[in-house]
Amino acid sequence: MHVHSYEKIWLALGLGLILLLIGSVTYGAVGPGVSMVAADQPTVDPTALDEDDRFAEPRVEQVGENEYEAYVVAFQFGFEPDPIVLPANSTVTFMVTSRDVTHGFEVVGTNANTMVIPGEVSTLTVETGGPTEYGVICNEYCGAAHHGMEGSIEVVPQEEFEESAGGSSDGDGSGGDQ
């Protein structure tokens, strides 16, 4: 059987495209920067978040020099705290969980994006730049008012963050805005 040279070229191109598609899907699933919910984080009881030290009072706290952890709870149809106030020029690790259904946590205009599953703690580390404001949206359908589920992140100068973080330097225990 004789196969024309043009047919051989088209067969090779077709096979090459199939392999390219399979390779790109595989790379997208296991490539760098892609991970599922962190297995090293302990699970939480989504019905008892008020009893969990990390999520009983959603907040941003300093854990090192220019390093912070933000504890965020997603619920139908919002995020707590809102707004999330962060210091400029710092590294922030978001610890996000849900108390009811699966949600998304996407910082609009960035590549910060994670799925938030009840009982699991999603971890996401970002570096903030100068003062600005970001929107936060839920990108996983979570119910009838999903389209309105949004929050905000305010990146403020360090001095302003310290003032809003509760006046820990003046010892009044007021707790600030959060």
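On a predicted model such as this, the values are computed, not experimentally measured, just so you know. (Residues numbered from 1 in each chain as written. Predicted model: local features only at pLDDT ≥ 70, side-chain atom pairs only at ≥ 80, totals over all residues. Heavy atoms only, no water.)

1. Concerning the packing of aromatic side chains
Counted by the stated rule, this structure contains four aromatic pairs. Judged by centre distance (5.3 Å) and plane angle (80 degrees), the ring pair of Tyr68 and Phe161 falls under edge-to-face. With a gap of 93 residues between them, Tyr68 in strand S2 (residues 67–75) and Phe161 in helix H2 (residues 158–164) connect regions that are remote in the sequence. Just as Tyr68 is buried, Phe161 falls in that class too. (Phe/Tyr/Trp six-rings, centres within 6.5 Å; stacked < 30°, edge-to-face > 60°. Helix = DSSP H or I, 4+ residues; strand = E, 2+ residues; numbered from the N terminus. Buried < 20%, exposed > 50% of the residue type's maximum accessible area, 1.4 Å probe, protein only.)

2. Details of the confidence of the model for the chain
When pLDDT is averaged along the chain, the result is 84, and 87% of the positions lie at 70 or above. Per-element mean pLDDT across the chain ranges from 85 in H2 up to 93 in S2. (pLDDT = per-residue confidence, 0-100.)

3. What about a nonpolar patch on the surface?
On the surface, Tyr6, Ile9, Trp10 and Leu13 cluster together to form a nonpolar patch covering roughly 520 Å² of accessible area. The residue Leu13 is located in helix H1 (residues 5–30) in this model. Accessibility expressed as a relative area gives 46% for Leu13, which makes it partly exposed. (Patch = residues over 30% accessible without salt bridge, like charges linked within 9 Å, V, L, I, M, F, W, Y side chains within 5 Å. Areas by Shrake-Rupley, 256 points an atom, 1.4 Å probe, with all protein chains shown as cover. Salt bridge = Lys/Arg side-chain N within 4 Å of Asp/Glu carboxyl O.)

4. Observations regarding unusual backbone geometry
For the bond running from Glu80 to Pro81, omega is 5 degrees, close enough to zero to count as cis. Positive phi, normally seen in glycine, also occurs at Asn66, with a value near 60 degrees. For Asn66, the location among the structural elements is in the loop between strand S1 (59–64) and S2. The partly exposed category is assigned to Asn66, whose relative accessible area is 35%. If you check the backbone angles, Asn89 has positive phi at about 55 degrees while not being a glycine. Take Asn89: it is sitting in the loop between strand S4 (84–87) and strand S5 (91–98). Relative accessible area serves as the criterion here: at 54%, Asn89 is assigned to the exposed category.

5. Focus on a negative patch on the surface
A cluster of like negative charges, contributed by Glu159, Glu160, Glu162 and Glu163, occupies part of the molecular surface. By relative accessible area, Glu159 is classed as exposed at 53%. (Lys, Arg positive; Asp, Glu negative; His and termini not counted. Charge placed at Lys NZ, Arg CZ, Asp CG, Glu CD.)

6. A few points about the nonpolar core
By size, the foremost hydrophobic cluster in this structure holds 27 residues, and its most contacted members are Val72, Phe79, Ile84, Phe94, Phe105 and Ile153. Of all the secondary-structure elements, those providing two or more residues to this core are S2, S4, S5, strand S6 (103–107), strand S8 (122–127) and strand S10 (150–156). Per element, the largest residue contribution to this core is four residues, and it comes from S2. Residues in contact with Val72, not counting those within four places in the same chain, are Phe55, Phe79, Glu80, Pro81, Ile84, Phe94, Met95, Val96, Thr97 and Phe105. (Core = buried A, V, L, I, M, F, W, Y, C linked by side-chain atoms within 4.5 Å. Contact = heavy atoms within 4.5 Å.)

7. Observations regarding the side chain of His103
Among the secondary structure elements, His103 is positioned in strand S6. Relative accessible area serves as the criterion here: at 0%, His103 is assigned to the buried category. Setting aside its immediate chain neighbours within four residues, His103 contacts Ala74, Phe75, Gln76, Ser98, Thr114, Met115, Val116, Cys138, Glu140, Cys142 and Met149.

8. As for the environment of Gly78
With respect to the helices, strands and loops of the structure, Gly78 is situated in strand S3 (residues 78–80). Through-space distance from the C-alpha of Gly78 to that of Gly151 is 6.7 Å; in sequence the pair is 73 residues apart.

9. Comments concerning the pattern of salt bridges
Overall, the coordinates contain three salt bridges when judged by the stated rule. Ionic pairing is found between Glu61 and Arg59, a salt bridge with its closest N-O pair at 3.0 Å. What makes Glu61 partly exposed here is its relative accessible area of 29%. Glu80 serves as the salt-bridge partner of Arg99, at 3.6 Å between the closest nitrogen and oxygen. Of this pair, Arg99 sits in the loop between S5 and S6 while Glu80 sits in strand S3, and the two are 19 residues apart along the sequence.

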